[in-house]
Amino acid sequence: MTTELGRLEDLPPNYLAALKAQNLVPLWPSLRALLPPTRPRPGTRPTLWRYEALRPLLLQAGELTPIEKAERRVLVLANPGHGLENMKASSAMYLGMQLLLPGEWAPSHRHTPNAVRMIVEGEGAYTTVDGQKLPMRRGDLILTPTGLWHEHGHDGDQPVVWLDVLDLPLVHYLEASYHVNGPRQAVAGGSTERRYARGGLLPTPGFERTQGAYPMLRYPWEEARAALLALAGELPADEAPQITYANPETGAHAQNILGFYALMLRPGQTARLPARSPAAVFHLIEGGATVQVGEPGPGTAPAPAFTLVEADTCCAPGYTPVTLANASTREPAFFFIADETPLHQKLGVFEVRG
Ligand SMILES: [Fe+2]
């Protein structure tokens, strides 16, 4: 049983004033909040952002604010559990829906936080990363890792929207967040993802493996989708096909801090994800599904369940089981998932429970 500890108000005001004058703080009134019993008390609250609700507001931003006045025209998907003004989806993850209108250009810059883009709608936009011009098509994942120059352009005739996922809250917390603006990049070539399109076969011209930390910057949805469908043909019917977006040279996560995955639910399928220490974000690429965060405890109401349609996004705190269910008995559902697994693993705090 946990002993009740002394409170701040139990201490005499003149003693508290004397501590404050010396920049000192008593630990015991805050000890339980810093180190709660058994499991953390996350600020991250299960939250759903409906695309149908945010899309008109994002398009309105396109009318209200020219790209030159925004640089990046983004509505941040902020978790109320962290305070909207802090612009966090979880303690380490930032989510934003970004709009680029035909003919617009979001100028070249680089920064310390890592970013990825999951393309939500529209054709004709591209991101130039480190001199590679990468087309942006629905469901594609594009990396803009820490320190790499990137800019966005749009040659199409309809608005393009994508979901940004960054480790900005973490890098900002570390007081290591900054950006540098640069001139328009010279395009040195197109996307190199075809080099890694066949599993287990790596390019080695002259017996040399590719150098550089980010050999693959674009993960086309058609390849990810095909990989999931192939897995669906092999796995037992009760196992949901899932893939990790990996660095093809090392097999490690594609980026250092956040992990990225795609998961398929067959028609009518349910997937129970165990309670894991990292918080997670679920974005529905195709189909319809429910996301139940947590489980009802003894005598408690059922956990909140979100119903997602295409392009909806929700988040779940860590240490919480999540149940994904395909709402359709005819069509598969496809999720893009982002989480904090690489970070937790590197810090040695990664856990899976029950
Ligand atoms: Fe950026």
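Quick look at the structure, then. Given the structure is predicted, the values throughout are model-derived calculations rather than measurements. (Residues numbered from 1 in each chain as written. Predicted model: local features only at pLDDT ≥ 70, side-chain atom pairs only at ≥ 80, totals over all residues. Heavy atoms only, no water.)

1. Overview of the coordination of the iron ion
Here's step 1: Looking at the iron ion, one finds its protein donor set to be His 109 (NE2), His 111 (NE2) and His 150 (NE2), positioned 2.1 to 2.2 Å from the metal centre.
Here's step 2: Within one chain, the residues serving as donors to the iron ion are arranged as H-x1-H-x38-H. Here His 109, found in strand E4 (residues 105-111), pairs with His 150, found in strand E9 (residues 150-154); they are 41 residues apart in sequence, far enough to count as distant.
Here's step 3: Overall, His 150 belongs to the buried group, its relative accessible area being 1%. (Donors = N, O, S within 2.8 Å, 3.2 Å for Na, K, Ca; no water. Helix = DSSP H or I, 4+ residues; strand = E, 2+ residues; numbered from the N terminus. Buried < 20%, exposed > 50% of the residue type's maximum accessible area, 1.4 Å probe, protein only.)

2. Section: the pairing of strand E6 (residues 125-129)
Here's step 1: The element E6 is extensively covered by neighbouring structure, given that five of its five residues are classed as buried.
Here's step 2: On E6, burial covers both faces: Ala 125, Thr 127 and Val 129 on one face and Tyr 126 and Thr 128 on the other are all buried.
Here's step 3: Relative to E9, E6 runs antiparallel, the two sharing five bridges. Counted as the bridge partner of Ala 125 is His 154 from E9.
Here's step 4: Of the pairings in the sheet, the one linking E6 to strand E7 (residues 132-135) comprises four bridges and is antiparallel in character. Of the residues in E7, the one forming a bridge with Val 129 is Gln 132.
Here's step 5: Between E6 and E7, which pair antiparallel and follow one another directly, the connecting turn spans two residues, one of which, Asp 130, has a positive phi of 55°. (Pairing = 2+ DSSP bridges.)

3. With respect to the pairing of strand E17 (residues 280-286)
Here's step 1: Among the seven residues in E17, seven count as buried, and that is most of the element.
Here's step 2: In this structure, E17 lies alongside strand E22 (residues 333-339), joined through six bridges in antiparallel fashion. If you follow His 283 over to E22, its bridge partner there is Phe 336.

4. Observations concerning the sheet that holds E6
Here's step 1: Judged by pairing direction, the sheet is mixed, and its six strands sit side by side in the order E11-E4-E9-E6-E7-E12 without closing on themselves. Taken across any chain shown, the strands that pair with only one partner, and hence form the sheet edges, are strand E11 (179-181) and strand E12 (189-190).

5. A closer look at the side chain of Glu 121
Here's step 1: Relative to the elements of secondary structure, Glu 121 occurs in strand E5 (residues 115-121).
Here's step 2: Side chain to side chain, Glu 121 and Tyr 51 meet in a polar contact 2.8 Å long.
Here's step 3: There is a polar contact of 2.7 Å between the side chain of Glu 121 and the side chain of Arg 55.
Here's step 4: Those residues within four positions of Glu 121 in sequence are excluded, and the remaining contacts are Tyr 51, Arg 55, Pro 159, Val 160 and Val 161. (Polar contact = N/O pair within 3.5 Å; in protein donor to acceptor, adjacent residues only side chain to side chain. Contact = heavy atoms within 4.5 Å.)

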